[in-house]
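Given next are the chains, with one letter for each unit.
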Amino acid sequence: MYNNYGASYQEQRLQQLMEQKQLRDFMRMYTNLVARCFDDCVSEFTSNKLGDKELTCVSRCSLKNMKLNERIGQRFAEENAKLMEEQARLE
């Protein structure tokens, strides 16, 4: 009974670690997106609001980066599926 509990605890701990890593990765991606779009798009500091050009630039920059990250995720999933198929054939 102790072994089952230990395995269950390990699985829960592994799940927690994976969730923490995913959150860190998401926060890193978000921080990089904000920094990149801010640096590329914001040039006027005389107002506390973004100008029309800045708003358009930030919107395009954000969309472009989200699409890029989505595509990277898709490619990763495709490559992972190929690896899983290869492993299944070898077993």
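The rules we used
Along each chain, the written sequence defines residue order, and numbers are assigned to residues from 1. Given that the model is predicted, a residue must reach a pLDDT of at least 70 before its local features are reported, and side-chain atom pairs must reach 80 or more before they are shown or counted; all residues, however, enter totals for whole chains, interfaces and linings. For the side-chain quantities, the full set of heavy atoms in the structure was used; hydrogens and water were omitted. Grid spacing is 1 Å over the protein atoms alone, the probe is 1.4 Å, and a cavity is where that probe fits but cannot get out, while a pocket is an open set with protein on both sides within 12 Å along at least five of seven lines and lining residues have an atom within 4 Å of a point. Grid points are joined across faces, edges and corners, and a volume is the space filled by probe spheres set on the points. Numbering of helices and strands starts at the N terminus; helices are DSSP runs of H or I of at least 4 residues and strands are runs of E of at least 2. Ten residues, namely Ala, Val, Leu, Ile, Met, Phe, Trp, Tyr, Cys and Pro, are considered nonpolar, four, namely Asp, Glu, Lys and Arg, are considered charged, and the remaining ones, Gly among them, are considered polar.

Caption draft 1: Looking closely at the layout of surface pockets. Counted as a void, the largest pocket has a volume near 270 Å³. Lining of the largest pocket is provided by Asp-25, Met-29, Asn-32, Leu-33, Arg-36, Asn-65, Leu-68, Asn-69, Ile-72, Gly-73 and Phe-76. Among the elements that take part in the lining of the largest pocket, helix H2 (residues 52-90) stands out by supplying six residues, more than any other. Within the lining of the largest pocket, the residues separate by chemical class into five nonpolar, four polar and two charged. Approximately 150 Å³ is the volume found for the second largest pocket. The wall of the second largest pocket is formed by Tyr-30, Leu-33, Val-34, Cys-37, Phe-38, Val-42, Leu-50, Val-58 and Ser-62. Counting only elements with at least two residues in the lining of the second largest pocket, the list comes to helix H1 (2-41) and H2. With five residues, the top contributor of residues to the lining of the second largest pocket is H1. Looking at side-chain class alone, the lining of the second largest pocket contains eight nonpolar, one polar and no charged residues.

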